[in-house]
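Observations on chain architecture
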Amino acid sequence: MLCGLQGTMEGDFTGKEMYHLNFDPKGYFSMYKNFGLGISPGNDERIRFILEHLHKTFAHDGIRGDTLIDIGSGPSIYQLLSACESFKEIIVSDLVEKNREEVQKWLRKDPNAFDWTPIVKYVCQLEGNRETWLEKEEKLRRTIKQVLKCDVTLANPFDPLVVPPADCVLCSCCLEAASKDVPAYCSAMKNVTSVVKPGGHFIFVIPIGATYYVAGQSKFTNLCVTPEMVKVAVKEAGFEIVHFENLSVDFPVELSDTKSFGFLVARKCNKA
Ligand SMILES: C[S@@+](CC[C@H](N)C(=O)[O-])C[C@H]1O[C@@H](n2cnc3c(N)ncnc32)[C@H](O)[C@@H]1O
């Protein structure tokens, strides 16, 4: 049983109230705004690792279907650029209204929306055609059908809505941020994966060994997890692990103390 183990974090847990008050999407974009300029090599390496694995998972490993739900999306869309070629509908979700509003701005091409162009071009290059980036943006805009409020601490993260079971749930760097200890982490894992259909997939991007990350002027705690802890939590939620990959990173301390990033693909057991 994993839930008896201790995770660690630096400082007091930054819970939901702190997210609602202090999560600054514009500050968080500093994680993404210098992509490809060589300014933050450890962070670039992280983004490339995630994008390359998402590309491989959707384009080559055949994970596809009708609906994908991204849980804890933040103000970001980069994680959905490959998925929109493999799913008919994508649901984006986050706890914080300002984050959901940033995604809406990008969807309606608001001039103040964050410019994801360098990352979109990189994904198009992975797919074999860097010139099609404008079409890729349009395709993703058409595929995102809803932007919902979610809270991973609730048994139904979309309460009061009930979303139909999905073919795939994606969750990147959210559960470690949302959980104050290991029992809370295991419970959040069960909550978010409860919306996966039997036989469907859970794709999980994990900051390993991190106790904090920074968004703008605010520092947020992370539950410090190991690959072993993550794998046990995923199995306890009723999944078999299909694939796990871990990339060590020399991450800029002004952004986070993450030691490595995990990329995990799991399949829901039919009886779960
Ligand atoms: C490190 S960001 C990750 C954002 C995005 N997935 C990415 O990869 O860039 C963590 C996100 O978790 C969200 N979050 C924190 N607590 C949450 C909760 N209880 N339920 C849902 N989302 C939560 C925050 O609002 C924030 O957007």
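Structure first, text after, so check above.
So, here is what we can say about the structure in this document. (Residues numbered from 1 in each chain as written. Predicted model: local features only at pLDDT ≥ 70, side-chain atom pairs only at ≥ 80, totals over all residues.)

1. A short note on the nonpolar core
How we decide: The term nonpolar core refers to a group of buried residues, namely Ala, Val, Leu, Ile, Met, Phe, Trp, Tyr and Cys, whose C-beta atoms join them within 7 Å. Three exposure classes are used, all based on how many other C-beta atoms lie within 10 Å of a residue's own C-beta (placed from the backbone): buried at 20 or more, exposed at 12 or fewer, and partly exposed between those limits. For the purpose of contact definition, each residue receives a C-beta atom placed from its backbone, and two residues are in contact when these atoms lie within 7 Å.
Ala 83, Ile 90, Val 169, Met 189 and Val 234 are the most contacted members of the largest nonpolar core, which totals 80 residues. What Ile 90 contacts, discounting residues up to four positions off in sequence, is Leu 68, Asp 70, Leu 80, Ala 83, Cys 84, Thr 143, Ile 144 and Lys 145.

2. A look at the site of the ligand
Note the following rule: Being near a molecule or strand means, for a residue, that its C-beta atom, positioned from the backbone, comes within 6 Å of it. Gly is placed with the polar residues, together with every amino acid not listed as nonpolar (Ala, Val, Leu, Ile, Met, Phe, Trp, Tyr, Cys and Pro) or charged (Asp, Glu, Lys and Arg).
With respect to spatial proximity, 22 residues lie near the ligand, and among them Gly 74, Ser 76, Leu 95, Ser 172 and Ala 178 are the closest. Residue classes in the shell around the ligand are distributed as 11 nonpolar, 8 polar and 3 charged.

3. Considerations on helix α4 (residues 97–107)
The condition is simple: Secondary structure elements are taken from DSSP: a helix is a run of H or I of four residues or more, a strand is a run of E of two residues or more, and numbering for both begins at the N terminus. The arc in question is traced by the directions running from the helix axis to the C-beta atoms.
The set of residues buried in α4 consists of Asn 99, Arg 100, Glu 102, Val 103 and Trp 106. For α4, the arc enclosing every buried residue in end-on projection is 155°, short of the 170-degree limit, so these residues lie on one face. Against the buried residues of α4 lie α2 (25–28), β2 (87–94) and β3 (144–149). Looking one or two residues past α4, Lys 109 carries a phi angle of roughly 55°, positive in sign.

4. Points about the environment of Lys 231
Along the polypeptide, Lys 231 turns up in helix α9 (residues 227–236). For the pair Lys 231 and Phe 244, spaced 13 residues apart in sequence, the C-alpha to C-alpha distance is 8.8 Å. When sequence neighbours within four positions are dropped, the list of residues in contact with Lys 231 reads Ile 241 and Phe 244.

5. Regarding the environment of Val 234
Structurally, Val 234 is set in helix α9. Given 23 C-beta atoms within a 10 Å radius, Val 234 is considered buried. Along the backbone, Val 234 and Met 189 are 45 residues apart, and their C-alpha atoms lie at a distance of 7.1 Å. Beyond its immediate sequence surroundings of up to four residues, Val 234 is in contact with Met 189, Phe 202, Phe 204, Phe 239, Ile 241, Leu 264 and Ala 266.

6. Description of the sheet that holds strand β1 (residues 65–71)
Strands in a sheet are paired, the pairing made by backbone hydrogen bonds, and the direction either parallel or antiparallel. Condition: Pairs of strands are assigned from DSSP output, requiring at least two bridges between the strands. Fitted lines through C-alpha atoms give the axes, limited to the stretch in contact for helices. The angle between two N-to-C directions lies from 0 to 180 degrees.
The sheet built from 7 strands is open, its strands ordered β3-β2-β1-β4-β5-β9-β8 with mixed pairing. Edge positions in the sheet fall to β3 and β8 (239–248), since each of these pairs with one other strand and no more. Taking each pair of neighbouring strands and ignoring which way they run, the sheet shows an average axis angle of 15°. The pairing of β1 with strand β4 (residues 166–172) spans 4 bridges and is parallel. Directly across from Ile 69, in β4, lies its bridge partner Val 169. The strands that helix α8 (residues 182–193) touches are β1, β4, β5 (196–208) and β8; relative to β4, the one it contacts most, it runs at about 145°.

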